[in-house]
Amino acid sequence: MSHIVVATANAHKVEEYRRLLDGQDVELMSLADYPGYPEVEENGTTFAENASIKAAAASSYCEAAAFADDSGLEVEALDGRPGVYSSRYAASDPERIAKLLKELDGVENRRARFVCAIAIAFNGEVLEVFEGEVKGTITLEPRGKDGFGYDPVFLPDGYDKTFAELSGAEKDKISHRANAFNQAIEFVEDTLSALDF
Ligand code: ITT
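Residues numbered from 1 in each chain as written. Predicted model: local features only at pLDDT ≥ 70, side-chain atom pairs only at ≥ 80, totals over all residues. Heavy atoms only, no water.

**What about the site of the ligand?**
Close contacts around the ligand come from 20 residues, with Thr-8, Lys-13, Lys-54, Asp-151 and Lys-171 the closest. Here Ala-9 contributes a backbone N or O atom positioned 2.8 Å from an oxygen atom of the ligand. In this structure, a nitrogen atom belonging to the ligand sits 3.0 Å away from a side-chain N or O atom of Arg-177. Taking 610 Å² as the accessible area of the ligand by itself, protein coverage stands at 91%. More than half of the atoms of the ligand fall within 2 Å of the grid points belonging to the largest pocket. Across the shell around the ligand, the residue classes break down as four nonpolar, eight polar and eight charged. (Near = heavy atom within 4 Å. Polar contact = N/O pair within 3.5 Å; in protein donor to acceptor, adjacent residues only side chain to side chain. Areas by Shrake-Rupley, 256 points an atom, 1.4 Å probe, with all protein chains shown as cover. 1 Å grid on protein atoms, 1.4 Å probe; cavity = no way out; pocket = protein on both sides within 12 Å on 5 of 7 lines; lining within 4 Å. Sits in = over half its atoms within 2 Å of the grid points. Nonpolar A, V, L, I, M, F, W, Y, C, P; charged D, E, K, R; others polar.)

**A word on the pairing of strand S4 (residues 111-122)**
Counting buried residues in S4 gives ten out of twelve residues, a clear majority hidden from the surface. Judged from the ten bridges that link them, strand S3 (residues 65-75) and S4 form a sheet pairing that is antiparallel. Note that in S4 the partner of Ser-71 across the bridge is Cys-116. Examined bridge by bridge, S4 and strand S5 (residues 125-138) share twelve bridges and lie antiparallel to one another. Bridge pairing in S5 places Arg-113 opposite Lys-135. Count of turn residues in the S4/S5 antiparallel hairpin: two residues, of which Asn-123 carries a positive phi of about 55°. (Buried < 20%, exposed > 50% of the residue type's maximum accessible area, 1.4 Å probe, protein only. Helix = DSSP H or I, 4+ residues; strand = E, 2+ residues; numbered from the N terminus. Pairing = 2+ DSSP bridges.)

**Description of the environment of Cys-116**
Residue position: Cys-116 is located in strand S4. You can call Cys-116 buried: its relative accessible area is 0%. C-alpha separation for the pair Cys-116 and Val-75, spaced 41 residues apart in sequence, amounts to 14 Å. Dropping the residues within four chain positions of it, Cys-116 is found in contact with Tyr-17, Asp-69, Asp-70, Ser-71, Phe-130, Glu-131, Gly-132, His-176, Arg-177 and Ala-180. (Contact = heavy atoms within 4.5 Å.)

**Examining helix H1 (residues 11-20)**
Among the residues of H1, Lys-13, Val-14, Glu-16, Tyr-17 and Leu-20 are the ones counted as buried. In an axial view of H1, the angular spread of the buried residues amounts to 165°, which keeps them on one side of the axis. (Arc of directions from axis to C-beta.)

**Remarks on the pattern of salt bridges**
According to the stated counting rule, one finds 15 salt bridges in the structure shown. As a salt-bridge pair, Lys-54 and Asp-70 come within 2.9 Å of each other at their nearest N and O atoms. Of this pair, Lys-54 sits in helix H2 (residues 47-62) while Asp-70 sits in strand S3, and the two are 16 residues apart along the sequence. Across the pair, Asp-70 and Lys-54 agree in class, each one buried. (Salt bridge = Lys/Arg side-chain N within 4 Å of Asp/Glu carboxyl O.)

**Quick look at the layout of surface pockets**
One number sums up the size of the largest pocket: a volume of about 820 Å³. As for the largest pocket, its lining consists of 30 residues, of which Asn-10, Lys-13, Glu-42, Lys-54 and Ser-87 are closest to the centre. Contributing elements (two or more residues each) for the lining of the largest pocket: H1, S3, helix H3 (93-103) and helix H5 (176-190). Top contributing element to the lining of the largest pocket by residue count: S3, with four residues. Partitioning the lining of the largest pocket into residue classes produces eleven nonpolar, nine polar and ten charged. (Points joined across faces, edges and corners; volume = space filled by probe spheres on them.)

Here it is in structure tokens:
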């Protein structure tokens, strides 16, 4: 069985990828399997650049095929913020949510989208980058206990539940991450398997 490393320090992302890879003939490793993995500076200005930096570094260090995602929330009324700075917007999930709701206090336009770029790398080289999105609105109050990050305040279009109220399986049907992943897995099956990774 082939193995692939997901280059993330975010355990929630690993959990989502484990779900998304369920039933595939590939073993998912994570950075938790590589103690001593060095901190990698995410100094790109786009999701694709940061995903590429993370995937390339992991494929070299782990000497394996690797993928990484860089993702975040773009809010229309905030000109796309927090965007690539979504994880650096505040210190913890509750603080990030509180800050976002404060910035949007009294703002009528609550349109937003989650974006996810997944880069796949081998031998330190990025082979491909795929992008997914999901559109929705920011609620007035956090709702729900599941998921992570901004999930409690994100209401995907066509649903009356936030990402934190939906089950993991329901989130996977429409999420930005699943969207990018479905394109990436086709590439892994078609191209990467030819490299005998
Ligand atoms: P890695 O870089 O190690 O993967 P990270 O959490 O720092 O972990 P990012 O730099 O890609 O990852 O930041 C993404 C942030 O965007 C994440 O911390 C959340 O705050 C938010 N985010 C991304 N996807 C999300 C999702 O599905 N649900 C809720 N929030 C999400």
